[in-house]
Amino acid sequence: MTDEPNTDGGLRQSVQPPTHPDPGAESAELEGPVSGRAAGIGITLLLFALLIVSWFVQLSFALQGEFGPPEDRLSGGGMLGGFILGAAIAIAPPIVTLILQARVHKRTPRHSIVAVIGAVVVLIIAVPINAIVVGLQAVSVISGN
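It should be emphasised that the depicted structure is a prediction, and the values quoted were computed from it without experimental measurement.

Participant: Would you mind showing me how to read the overall build of the protein chain here?
Facilitator: Along the protein chain, the regular secondary structure elements total 4 helices and 2 strands. Starting at the N terminus, the α and β elements of the protein chain follow one another as β-β-α-α-α-α. Long-range contacts, defined as pairs at least 24 residues apart, comprise 66% of the intrachain contacts of the protein chain with a sequence gap of at least 6. Split by element, the accessible area of the protein chain, about 9,800 Å² in all, is 69% carbon and sulfur.

Participant: Help me understand the side chain of Ser54 in this model?
Facilitator: Relative to the elements of secondary structure, Ser54 occurs in helix 2 (residues 37-67). Accessibility expressed as a relative area gives 0% for Ser54, which makes it buried. With residues up to four places along the chain from it excluded, the contact list for Ser54 reads Gly86, Ile89 and Ala90.

Participant: How should the environment of Ile89 be read in this particular structure?
Facilitator: With respect to the helices and strands, Ile89 occurs in helix 3 (residues 76-107). Not counting the four nearest positions on each side in its chain, Ile89 is found in contact with Leu50, Ser54 and Val57.

Participant: Can you help me understand helix 4 (residues 114-143) in this one?
Facilitator: Note: α-helices contain 3.6 residues per turn, so residues at a spacing of three or four share the same orientation. Along its 30 residues, helix 4 runs 43 Å from first to last C-alpha, staying within 8% of the 44 Å computed at 1.5 Å per residue. Where helix 4 is buried, its residues contact helix 2 and helix 3. Following helix 4 by one or two positions, Gly144 adopts a phi angle in the positive range, close to 90 degrees.

Participant: What exactly am I supposed to notice about the confidence of the model for the protein chain here?
Facilitator: Close inspection of predicted coordinates is inappropriate for parts of the model with low pLDDT. The pLDDT averaged across the protein chain works out to 83; a share of 77% of its residues lies at or above 70. The lowest-confidence element of the protein chain is helix 1 (residues 25-31), averaging 48 in pLDDT; the highest-confidence one is helix 4, averaging 94. The model gives residues 25-30 a pLDDT under 50, and that stretch makes 1 contact with residues more than four places away or in other chains.

Participant: Explanation requested: helix 2 in the structure shown.
Facilitator: For helix 2, which comprises 31 residues, the first-to-last C-alpha distance of 45 Å matches the rise-based estimate of 45 Å (1.5 Å per residue) to within 8%. Within helix 2, burial applies to Gly40, Thr44, Leu47, Leu51, Ser54, Val57, Gln58 and Gly65. Buried-residue contacts for helix 2 involve helix 3 and helix 4.

Participant: Would you mind going over the packing of helix 2 against helix 3 with me for this structure?
Facilitator: Two numbers describe a pair of packed helices, the interaxial angle and the distance between the axes. Helix 3 packs onto helix 2 with a crossing angle of 170 degrees between their chain directions and a minimal axis gap of 7 Å. Considering their axes alone, helix 2 and helix 3 lie roughly antiparallel with respect to each other. For the contact of helix 2 with helix 3, the residue count by class is 15 nonpolar, 8 polar and 1 charged.

Participant: So what exactly am I meant to see when it comes to a nonpolar patch on the surface here?
Facilitator: Nonpolar side chains collect at one region of the surface, where Ile52, Trp55, Phe56, Leu59, Leu63, Phe67 and Ile129 lie side by side and expose about 720 Å² of accessible area between them. By residue number, the principal contributor to the nonpolar patch is helix 2, which donates 6 residues. Since its relative accessible area comes to 42%, Ile52 is described here as partly exposed.

Conventions used here
- Residues numbered from 1 in each chain as written.
- Predicted model: local features only at pLDDT ≥ 70, side-chain atom pairs only at ≥ 80, totals over all residues.
- Heavy atoms only, no water.
- Helix = DSSP H or I, 4+ residues; strand = E, 2+ residues; numbered from the N terminus.
- Contact = heavy atoms within 4.5 Å.
- Areas by Shrake-Rupley, 256 points an atom, 1.4 Å probe, with all protein chains shown as cover.
- Buried < 20%, exposed > 50% of the residue type's maximum accessible area, 1.4 Å probe, protein only.
- Expected span 1.5 Å × (residues − 1).
- pLDDT = per-residue confidence, 0-100.
- Axes fitted to C-alpha atoms, helices over the stretch in contact; angles between N-to-C directions.
- Parallel < 35°, antiparallel > 145°, perpendicular 65-115°, else oblique.
- Nonpolar A, V, L, I, M, F, W, Y, C, P; charged D, E, K, R; others polar.
- Patch = residues over 30% accessible without salt bridge, like charges linked within 9 Å, V, L, I, M, F, W, Y side chains within 5 Å.
- Salt bridge = Lys/Arg side-chain N within 4 Å of Asp/Glu carboxyl O.

In structure tokens form, the structure reads like this:
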């Protein structure tokens, strides 16, 4: 408030609106910093570790089916089941991560999307590879080889 002289000799008060140098400053203060970046990096590393574990699971089933002792060798269906288990280990966690991160992002718009990017990359790698592996084994089981 400022005091300005009035023409009739008295003082009158005028109200000036507050000035903001940057109109976007208020919205940036309300939103706050990005959260969840470290957790997103940890989730991404875990998803890649699960991808590698799934490959080891599939490799162990393939080796047991081909080179195990004759009485313990897996049939084609057993190998197919192992390959499906490996595919589930590789594909299910990134899908769950995408769903959960979408829910978190809906509540907290400034939440980091590192985990989402990691989950998408893992899915881009895992889905085609597992589709080929499981598909070839299913064809082998169906054809009777």
